[in-house]
Each structure stands twice: as C-alpha cells, then as structure tokens.
Amino acid sequence: MAEVTVREALNTALAEELARDKNVFLIGEEVGHYNGAYKVSQHLMERFGEDRVIDTPIAESGFAGLAIGAAMAGLRPIVEFMTWNFSFVAIDQLINNAAKMHFMSGGQFKLPIVFRAPQGAGGSLSAQHSSILEGFYAYTPGLIVVAPATPGDMRGLLKSAIRADNPVIFLEHEKIYAVKGELDDPENTDYLIELGSARLYESETLAELTIITWSLNLHLARLAADKLKAEGIAADILDLRTLKPVDSEAILQAAQKTHRLLILQEGTPVASYGAWLAYHIQDIAFDELDAPIKVISADDVPMPYTFSLEPQVLPSVEKVVAAAKELVG
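Within any chain, residue numbers begin from 1 and follow the written order of that chain's sequence. For this predicted model, a pLDDT threshold of at least 70 governs which residues receive local features, and a threshold of 80 or more governs which side-chain atom pairs are given and counted, while totals over whole chains, interfaces and linings are taken from all residues. Note that the side-chain values use all heavy atoms of the structure and ignore hydrogens as well as water.

Colleague: Would you take a moment to explain the overall build of the protein for this structure?
Modeller: In DSSP terms, a helix is any run of H or I states spanning at least four residues, a strand is any run of E spanning at least two, and both are numbered starting from the N terminus. In terms of helices and strands, the protein carries 12 helices and 14 strands. To get the radius of gyration, use the C-alpha atoms; to get the globule rule, take the number of residues to the power 0.38 and multiply by 2.2 Å. Since a compact globule built from 329 residues should have a radius of gyration of about 20 Å, the 20 Å found for the protein is in line with a globular shape. Burial status follows relative accessibility: with a 1.4 Å probe on protein chains alone, a residue under 20% of its type maximum counts as buried, one over 50% as exposed, and anything between as partly exposed. Classification of the 329 residues of the protein by burial places 57% in the buried group. Any pair of residues with heavy atoms lying within 4.5 Å of one another is described as a contacting pair. Intrachain contacts of the protein at a sequence separation of at least 6 include 81% that bridge at least 24 residues. A total accessible area of about 13900 Å² is found for the protein, and carbon and sulfur atoms account for 55% of it. Under the convention used here, a 1.4 Å probe and the Shrake-Rupley method define accessible areas, while residue burial counts only the protein chains that appear.

Colleague: In this structure, what is going on with helix H10 (residues 273-285)? I would like to understand it.
Modeller: Under the 1.5 Å per step criterion, the end-to-end length of H10 is 18 Å for 13 residues, consistent within 8% with the ideal 18 Å. Within the span of H10, buried status applies to Tyr 273, Gly 274, Leu 277, Ala 278, His 280, Ile 281 and Ala 285. Seen along its axis, H10 keeps its buried residues to an arc of 165°; they face one direction. Turning to H10, the residues buried within the fold contact helix H6 (134-139), strand E10 (209-213), strand E12 (242-244), helix H9 (248-258), strand E13 (261-264) and strand E14 (294-296). Here, expected helix span is obtained from the residue count minus one, scaled by 1.5 Å. Taking the helix axis as origin, the arc is that swept by the directions to the C-beta atoms.

Colleague: Whenever I open this one, the pattern of salt bridges confuses me. Can you help?
Modeller: Side chains bearing opposite charge may pair, as long as their charged atoms lie close to each other. The salt bridge criterion pairs a side-chain nitrogen of Lys or Arg with a carboxyl oxygen of Asp or Glu, the two atoms within 4 Å. Evaluation of the coordinates by the stated rule reveals 19 salt bridges. Taken together, the shared-partner salt bridges in this structure form one network comprising Glu 16, Glu 17, Arg 20, Arg 155, Lys 159, Arg 163 and Asp 190.

Colleague: Is there a simple way to explain the sheet that holds strand E6 (residues 144-146) in this structure?
Modeller: The strands making up a sheet are joined through hydrogen bonds of the backbone, oriented either antiparallel or parallel. Strand order in the open sheet formed by seven strands is E3-E2-E4-E5-E7-E6-E12, and the pairing between neighbours is mixed. Where the open sheet ends on each side, the last strands, each with one partner, are strand E3 (53-55) and E12. The sheet shows a mean angle of 20° between the axes of neighbouring strands, direction not considered. Strands are treated as partners if at least two bridges between them are detected by DSSP. Summarising the sheet, strand E2 (residues 24-28) and E3 pair through three bridges and their orientation is parallel. When the bridges of E3 are listed, Ile 27 appears paired with Ile 54. Angles shown run from 0 to 180 degrees and are taken between the N-to-C directions of axes, each axis being a line fitted to C-alpha atoms and, for helices, limited to the stretch in contact. Contacting E2, strand E4 (76-80) and strand E5 (114-119), helix H3 (residues 60-72) runs over the sheet at an angle of about 165° to E4. Across the face of the sheet, helix H7 (residues 151-163) comes into contact with E2, E4, E5, E6, strand E7 (168-173) and E12 while running at roughly 155° to E7.

Colleague: Hey, could you run me through the side chain of Arg 52 in this one?
Modeller: Assignment of secondary structure puts Arg 52 in the loop between helix H2 (44-48) and E3. No salt bridge is formed by the buried Arg 52. Its closest oppositely charged neighbour is Asp 51, at 6.0 Å. A polar contact is formed between the side chain of Arg 52 and the backbone oxygen of Leu 18, at a distance of 2.7 Å. We define a polar contact as two N or O atoms separated by no more than 3.5 Å, with the added condition that, inside protein, one atom must be a possible hydrogen donor and the other a possible acceptor, whereas residues neighbouring each other in sequence contribute only through side-chain atom pairs. Within the structure, Arg 52 has its side chain in polar contact with the backbone oxygen of Val 24 (distance 2.8 Å). Charged residues are defined narrowly, with Lys and Arg counted positive, Asp and Glu counted negative, and His plus the chain ends left uncounted.

Colleague: Looking at this structure, how should I read the pairing of strand E11 (residues 235-239)?
Modeller: Taken residue by residue, a regular strand's side chains alternate between the two faces of the sheet. Burial runs high along E11: five of the five residues are buried. Side chains of E11 alternate between two faces, with Ala 235, Ile 237 and Asp 239 and Asp 236 and Leu 238 buried alike. For E10 and E11, the ladder comprises five bridges, and the chain directions are parallel. Paired with Leu 209 across the bridge in E11 is Ala 235. Think of it like this: strands point away, you trace from the first strand over the helix to the second, and a clockwise trace means the crossover is right-handed. Each parallel crossover has a hand, and the one from E10 via helix H8 (residues 217-230) to E11 is right-handed.

Colleague: What is the right way to look at the sheet that holds E13 in this model?
Modeller: Taken in spatial order, the five strands of this open sheet run E9-E11-E10-E13-E14, and their pairing is mixed. Edge positions in the sheet fall to strand E9 (199-201) and E14, since each of these pairs with one other strand and no more. Neighbour-to-neighbour, the strand axes of the sheet open up by a mean angle of 20°, direction not taken into account. Examined bridge by bridge, E10 and E13 share three bridges and lie parallel to one another. Residue pairing across strands places Thr 210 opposite Leu 261, the latter belonging to E13. Where H10 meets the sheet, it contacts E10, E13 and E14, and its direction lies at approximately 160° from that of E13.

Colleague: Explain the packing of H8 against helix H12 (residues 317-328) to me, please; I cannot follow it from the model alone.
Modeller: Angle between the axes and distance between the axes are the two parameters that describe a pair of packed helices. Across the interface, H8 lies against H12 with an axial gap of 9 Å and an inter-helix angle of 55°. Classified by the interaxial angle, the pair formed by H8 and H12 is oblique. Crossing angle aside, the handedness with which H8 passes H12 is right-handed. Here H8 contributes Leu 220, Leu 223, Ala 224, Lys 227 and Leu 228 to the contact with H12, which in turn contributes Val 317, Val 320, Val 321 and Ala 324. Only Asp, Glu, Lys and Arg are considered charged in this grouping, and only Ala, Val, Leu, Ile, Met, Phe, Trp, Tyr, Cys and Pro are considered nonpolar; every other residue, Gly among them, is considered polar. Within the contact of H8 with H12, the residues separate by chemical class into eight nonpolar, no polar and one charged. Working definition: roughly parallel below 35 degrees, roughly antiparallel above 145 degrees, roughly perpendicular at 65 to 115 degrees, and oblique for all remaining angles. Two helices cross in a left-handed way if the nearer one is turned anticlockwise from the farther one by less than a right angle. They cross in a right-handed way if the turn is clockwise.

Colleague: Honestly, the pairing of E5 in this entry has me stumped. Any pointers?
Modeller: Within E5, six of the six residues are buried, leaving the element largely enclosed by the surrounding structure. Going residue by residue along E5, you find Val 114, Arg 116 and Pro 118 tucked away on one face and Phe 115, Ala 117 and Gln 119 tucked away on the opposite face as well. As defined by bridge partners, E4 adjoins E5 across three bridges and the pair is classed as parallel. Following the sheet pairing, Glu 80 is matched in E5 by Arg 116. Bridge analysis of E5 against E7 gives six bridges, and the strand direction is parallel.

This is the structure we're talking about:
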C-alpha cells in the first residue's frame with residue numbers, strides 16, 4: 001500500500017467529509033485561494049466552491065465566533081487557525097462560547113465544530129509561534145482534545161471529530177505534515193477512529209517499560225525505543241491519540257503489563273497535561289507501579305528563536321533513553 005503524508009491524509013479527510021455532508025464547511029485564513037498555510041486544504045476550494053471553503057480576514061475572534069454561531073444553527077464548521085498560538089486572539093470564543101454553550105443552554109444547542117491548527121516548535125519560529133496548548137484546552141470542560149501522530153490516525157480521527165456533536169480541539173504539529181504512513185481502509189469514506197481510544201505499539205520482546213506519548217513525540221518515542229532495544233531494553237509505546245477523553249483502560253493495562261511508565265510530552269512541566277496524566281495514573285494504577293512515573297517535558301523557558309538552541313530545550317532521544325534506564329535500573 002502506498003504511503004501518504006499527514007498533509008495528504010488531512011486533505012483526504014476534509015474532502016471526504018465535505019463531499020458527504022453539505023452542512024460541513026471549512027473557514028479560516030488562506031484556506032481557499034492559497035490552499036492553506038500548510039497546504040492541507042489544497043484544491044478544496046476548486047472542488048467545493050467559495051461558500052464551503054471560506055477565506056477570512058486576519059480576525060480569529062471574528063471567524064471563530066461566526067463558526068460557533070453557524071454550529072448552533074445546525075451547520076458543521078471546521079475552523080483552521082494558522083497556528084494554535086493565534087487562538088489566543090479568539091480565546092473568549094473558544095472557552096466562553098464553544099465549550100460552554102451546550103451546558104449553559106440546557107442542551108438546547110449542540111456545538112458540532114472542529115478547531116484545528118498546528119502547535120509546537122517548528123524550527124526557529126520564535127516563542128510566540130511555538131506554544132504547546134494541549135494542557136490549556138484539556139483543562140477546559142466541554143472540549144474534546146485530539147492529538148494524532150500518523151497519517152492514518154489523522155484521517156480517522158479528523159473524520160470522527162467532524163461528525164461529533166461536541167466541540168473538538170484538533171491538535172496537529174508544526175513538524176508533522178511531511179510524516180509518511182499508510183491509511184487504513186483507504187477506499188472506505190466512512191472509515192472512523194473512535195475518539196478516546198489509544199493505540200499500543202508493542203515491543204517484539206517482553207517490555208520492561210511503557211512510553212506514553214502523543215502527537216509528534218510518538219516518532220521520537222519510536223527512535224528512543226529502537227535505541228533502547230539495541231542496548232537490551234524493550235519498551236512498549238502507548239499513543240494516546242485523544243487527550244480528552246483519555247483512554248484510562250489502555251493506560252491501566254499498560255501499567256499492569258510493564259509496571260513502569262514514562263510520559264513523554266513537548267509541553268513545559270508546570271501544570272502540564274503530562275503532570276496531570278502522572279496524577280491520573282497513580283490514581284487508577286498505583287498498585288501496579290514498580291517505580292515512580294517519570295515525565296519528560298520541554299524546559300520551562302520560552303522557546304528560543306536560535307535554531308541551535310531549540311533542540312536543547314525540547315525532549316530528545318537521549319533524554320528518553322536516560323530516563324528509561326533510570327526506570328528499569
């Protein structure tokens with residue numbers, strides 16, 4: 001089966017859902033005539049027209065609010081921010097309207113809306129363009145938070161997000177669009193992946209620890225697992241895929257199998273998603289653990305602009321390997 005990039009998988013998911021449901025539309029800066037800032041929406045305006053693929057001014061609060069109103073009226077908007085950093089401009093719309101309207105209306109309004117964009121360090125994009133916001137949005141009641149890592153998962157989860165009746169924060173990554181992989185069941189336009197389901201990548205031999213991660217760091221975890229294998233340490237990898245709701249059962253099973261867990265995230269450590277996850281694990285699986293949970297994060301500093309400094313702030317294969325050795329030592 002031919003491999004596709006994450007960019008192509010997302011484009012496929014958008015095209016399939018736009019074709020399936022006339023209530024679905026895509027809105028954001030440069031999504032149409034420019035084919036998207038990251039070329040995810042390439043050729044969609046040509047195929048579906050300017051009333052389904054809508055270019056907007058640089059006004060995040062405005063087009064996010066417009067899309068929320070459209071969702072309340074029965075449409076299914078997909079809002080593309082050029083980066084999640086720019087969602088701060090629309091934060092009142094996301095937090096006080098999209099996340100809360102179903103509850104505050106006593107269930108009278110549904111909010112079938114997806115907000116999608118890249119996050120994270122993209123290589124000399126400076127501190128204002130390198131934020132990891134998963135913890136912030138996962139903290140907010142009323143939002144589903146999704147963070148896939150592979151082309152197949154991107155397609156299946158984005159399609160499920162578009163069909164959901166609740167607002168979804170769909171986290172991509174600045175560096176993930178060229179990652180290649182296969183699509184599961186590519187001819188099936190109704191192929192979906194359940195929101196809230198993790199995926200386990202098992203070691204060929206009995207694993208001594210499990211690396212829990214999501215988004216781009218799945219690929220870093222795989223590299224680290226290969227290096228650990230060469231040194232005689234077997235590691236499973238649990239890709240959460242969805243951060244909220246989280247697959248607690250898969251986490252519990254991982255703890256029951258390897259008894260040592262290492263959380264790998266790009267977010268900074270204080271009040272992060274990884275920090276909450278470590279608490280959640282000890283709450284549901286404390287008796288299964290043979291060692292304290294380790295959390296690898298980015299350094300607690302704004303992301304440097306200098307290209308040579310950025311990798312020093314971020315998690316690395318070497319940091320994962322060193323932490324894993326401490327866990328099993």
